[in-house]
Amino acid sequence: MLGYADEEHAGSPDWRSLVHPDDLSRVQAAIRDHVAGKVPTFESTHRMRHKSGEWRWVGQSRKARVDKHGRLLRLVGVEFDITERKIYEEALFREKESAQITLQSIGDGVITTDAQSTIDYINPVAEELTGWRLEDAMGRPVEENLPRLSRGDLRAP
């Protein structure tokens, strides 16, 4: 997955040298928590260095094998390359940010909901028209927050 041949990591590879420096302390803390019994499995999403030098995103789920003194012998589990998914997530995040900027700057009131009519977002104009702040309206049914809107009674001034 990371481009290394088995013989390039004879014995036990120093996995810490492959983890991105910005992720290493978080990954090590998660391993410590798992080995100490604070969490049942070690779960992590972090970057690792590919043989080409490129950073790849990996998702890991592992279970510790410890000796009778509680010392870590090995982590057994699975590891997936999720780089493509992370690229799409980042693109989606940038699109959402762009949409939020647009919604905040237009002159019309905008309220977005999920499929169950639960409010996800209201822009500043909608806050002014309805009297609700975004923090108060988010996660609540549109009918509860805006009964006049759900009946169709809300009219522009």
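Just so you know, the residues in each chain are numbered from 1, in the order the chain's sequence is written. Reporting of local features is limited, given that this is a predicted model, to residues whose pLDDT is at least 70; pairs of side-chain atoms are given and counted only at 80 or more, and all residues count toward the totals for whole chains, interfaces and linings. In computing side-chain properties, one takes all heavy atoms of the structure into account and sets aside hydrogens as well as water.

Explain the sheet that holds strand E1 (residues 42-49) to me, please; I cannot follow it from the model alone.
Neighbouring strands of a sheet are bound in pairs by backbone hydrogen bonds; such pairs are parallel or else antiparallel. When DSSP finds two or more bridges between two strands, those strands count as paired. Secondary structure elements follow DSSP: runs of H or I no shorter than four residues count as helices, runs of E no shorter than two count as strands, and numbering proceeds from the N terminus. Pairing is antiparallel in the open sheet, where three strands are placed in the order E1-E2-E3. Unpaired on one side and paired on the other, E1 and strand E3 (72-81) mark the two borders of the sheet. Each adjacent strand pair in this sheet contributes to an overall mean axis angle of 35 degrees, direction not counted. Should any heavy atoms of two residues lie within 4.5 Å, those residues are considered in contact. Axis definition: a line fitted to C-alpha atoms, over the contacting stretch in the case of helices. Angles run 0 to 180 degrees between N-to-C directions. Its contacts with the sheet place helix H1 (residues 21-35) against E1, strand E2 (55-66) and E3, and it is angled at close to 155 degrees to E1.

Would you take a moment to explain the pairing of E1 for this structure?
Relative to E2, E1 runs antiparallel, the two sharing eight bridges. Following the sheet pairing, Arg 47 is matched in E2 by Trp 57.

Just to check I follow, could you spell out the side chain of His 34 for this structure?
Turning to its location among the elements, His 34 is positioned in helix H1. His 34 sits in the buried class, given a relative accessible area of 7%. Nitrogen and oxygen atoms within 3.5 Å of one another constitute a polar contact, given that in protein one can donate a hydrogen and the other can accept it, and given that sequence-neighbouring residues count only through two side-chain atoms. Within the local environment of His 34, its side chain forms a polar contact with the backbone nitrogen of Ala 64, the two atoms lying 2.7 Å apart. With residues near it in sequence (within four places) discarded, His 34 still touches Val 39, Pro 40, Thr 41, Phe 42, Arg 62, Lys 63, Ala 64 and Leu 75. Whether a residue is buried, partly exposed or exposed follows from its accessible area with a 1.4 Å probe, protein chains only, as a fraction of its type maximum: under 20%, in between, or over 50%, in that order.

What is the right way to read the pairing of E3 from this model?
For a regular strand, side-chain orientation follows a simple rule: the groups alternate between the two sheet faces. For E2 and E3, the ladder comprises nine bridges, and the chain directions are antiparallel. Paired with Arg 65 across the strands is Arg 74, a residue of E3.

Can you help me understand the confidence of the model for the protein chain in this one?
Low pLDDT means the predicted coordinates in that region are not meant to be read closely. Across the protein chain, pLDDT averages 84, with 87% of residues at or above 70. The quantity called pLDDT is the predictor's confidence in a given residue, expressed from 0 to 100. Ranking the elements of the protein chain by mean pLDDT puts helix H6 (residues 147-151) last, at 54, and E1 first, at 94.

Got a minute to help me understand the side chain of Thr 118 in this structure?
Checked against the element boundaries, Thr 118 lands in the loop between strand E4 (111-113) and strand E5 (119-122). Overall, the relative accessible area of 19% leaves Thr 118 in the buried class. Aside from chain neighbours lying at most four places away, what touches Thr 118 is Thr 112, Thr 113, Gly 139, Arg 140 and Pro 141.

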